[in-house]
Amino acid sequence: EPEVTQTPSHQVTQMGQEVILRCVPISNHLYFYWYRQILGQKVEFLVSFYNNEISEKSEIFDDQFSVERPDGSNFTLKIRSTKLEDSAMYFCASSIGGTKNTEAFFGQGTRLTVV
Amino acid sequence: AQSVTQPDIHITVSEGASLELRCNYSYGATPYLFWYVQSPGQGLQLLLKYFSGDTLVQGIKGFEAEFKRSQSSFNLRKPSVHWSDAAEYFCAVGAYYGTDKLIFGTGTRLQVFP
């Protein structure tokens, strides 16, 4: 069964360092998303990506964040200068036709710990 | 603004008992609604979804949910819980128009005792 794969499963980084979280969406999917969950809080939308550009982003997704689909298979989230409050579980998701019409498949998450 | 409330942070049931997980949403128009489950070390898996039509929705693993517009609720139910159902359950809401994002609740952790 096809699945969304995220690497690494856990990353520890020092405050101020850049991190890149990687995701391999399902191969025929066209819509890609990042969500995050700070411990004990809600799963929050960060950004959606379609046709090689950001289609929507939340207030959380400021200039410190960027996304890229560098090679047609990977979908990455970069945080340029991490803060303590960026510590969270980050989920990647993909869908064929957007969440209104088709199921969004989520990865198992990357737990980011900023120290 | 859209929001989702899952009032129960943690629920414990005995294996074989019935289960109901509560979800209330706030949204100005007709929403579409989801329940996702996350087992330890796994991604979020879709259990069921409601877009329109019959308000009682059947999902995978024997789960069902009922959309009640008057109560702004979309509670998840299962008549007999299995130990393998122990997981975290998330309710989510989306919009028919405009945004493609999902708004999630904080989740309910289900523990099952033998």
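Quick notes on the rules
- Residues numbered from 1 in each chain as written.
- Chains lettered and ligands numbered in written order.
- Predicted model: local features only at pLDDT ≥ 70, side-chain atom pairs only at ≥ 80, totals over all residues.
- Heavy atoms only, no water.
- Helix = DSSP H or I, 4+ residues; strand = E, 2+ residues; numbered from the N terminus.
- Rg over C-alpha atoms; globule rule 2.2 N^0.38 Å.
- Buried < 20%, exposed > 50% of the residue type's maximum accessible area, 1.4 Å probe, protein only.
- Contact = heavy atoms within 4.5 Å.
- Areas by Shrake-Rupley, 256 points an atom, 1.4 Å probe, with all protein chains shown as cover.
- Buried area = accessible area lost by both parts, 1.4 Å probe.
- Salt bridge = Lys/Arg side-chain N within 4 Å of Asp/Glu carboxyl O.
- Polar contact = N/O pair within 3.5 Å; in protein donor to acceptor, adjacent residues only side chain to side chain.
- Disulfide = S-S within 2.5 Å.
- Phe/Tyr/Trp six-rings, centres within 6.5 Å; stacked < 30°, edge-to-face > 60°.

### What about the overall build of chain A?
- Scanning chain A from terminus to terminus reveals zero helices and eleven strands.
- Along chain A, helices (α) and strands (β) appear in the sequence β-β-β-β-β-β-β-β-β-β-β when read from the amino end.
- Its C-alpha atoms give chain A a radius of gyration of 13 Å, within 12% of the compact-globule value 13 Å for 115 residues.
- When its C-alpha atoms are laid out on the principal axes, chain A stretches across 40 × 30 × 30 Å.
- Counting across all 115 residues of chain A, residues that qualify as buried make up 46%.
- When contacts within chain A are restricted to residue pairs at least 6 apart in sequence, those whose partners lie at least 24 apart make up 54%.
- Summed over all atoms, the accessible surface of chain A reaches about 5700 Å², with 47% contributed by carbon and sulfur.

### Considering the interface of chain B and chain A
- Opposite the 23 residues of chain B that make contact, chain A presents 19 residues.
- For the pair chain B and chain A, the summed buried surface comes to about 1800 Å²; carbon and sulfur atoms form 53% of the total.
- Among the residues chain B hides against chain A, the three largest losses belong to L44, D100 and F104 of chain B. Together they make up 31% of the total.
- Joining chain B to chain A, the criterion identifies zero salt bridges.
- On inspection of chain B and its partner chain A, the count reaches eight residue pairs in polar contact (both at pLDDT 80 or more).
- Secondary-structure elements contributing two or more residues to the side of chain B that touches chain A are β5 (31-38), β6 (44-50) and β10 (87-95) of chain B.

### Quick notes on the state of the cysteines
Residue and element names in this part refer to chain A.
- The full count for this structure, using the stated rule, is two disulfides over all chains.
- Here C23 pairs with C92 through a disulfide, and the sulfurs are 2.0 Å apart. On the sign convention where negative is left-handed, the bridge of C23 and C92, at about -65° about the S-S bond, is left-handed. Of the two residues, C23 is situated in strand β3 (residues 19-24) and C92 in strand β9 (residues 88-95); the sequence distance between them amounts to 69 residues.

### Observations regarding the packing of aromatic side chains
- Evaluated as defined, the whole model comprises 20 aromatic pairs over all chains.
- Considering the side-chain rings of F32 of chain A and F75 of chain A, the 5.5 Å spacing of their centres and the 40° angle between planes classify their relative orientation as tilted. Residue F32 of chain A is found in strand β4 (residues 31-37), and its partner F75 of chain A is found in strand β8 (residues 75-79); the two are separated by 43 residues along the sequence.
- With relative accessibility at 3%, the residue F32 of chain A sits in the buried group.
- Within the aromatic cluster, the residues linked to one another by ring pairs are Y35, F45 and F106 of chain A together with Y32, F34, Y36, F51, F90 and F104 of chain B.

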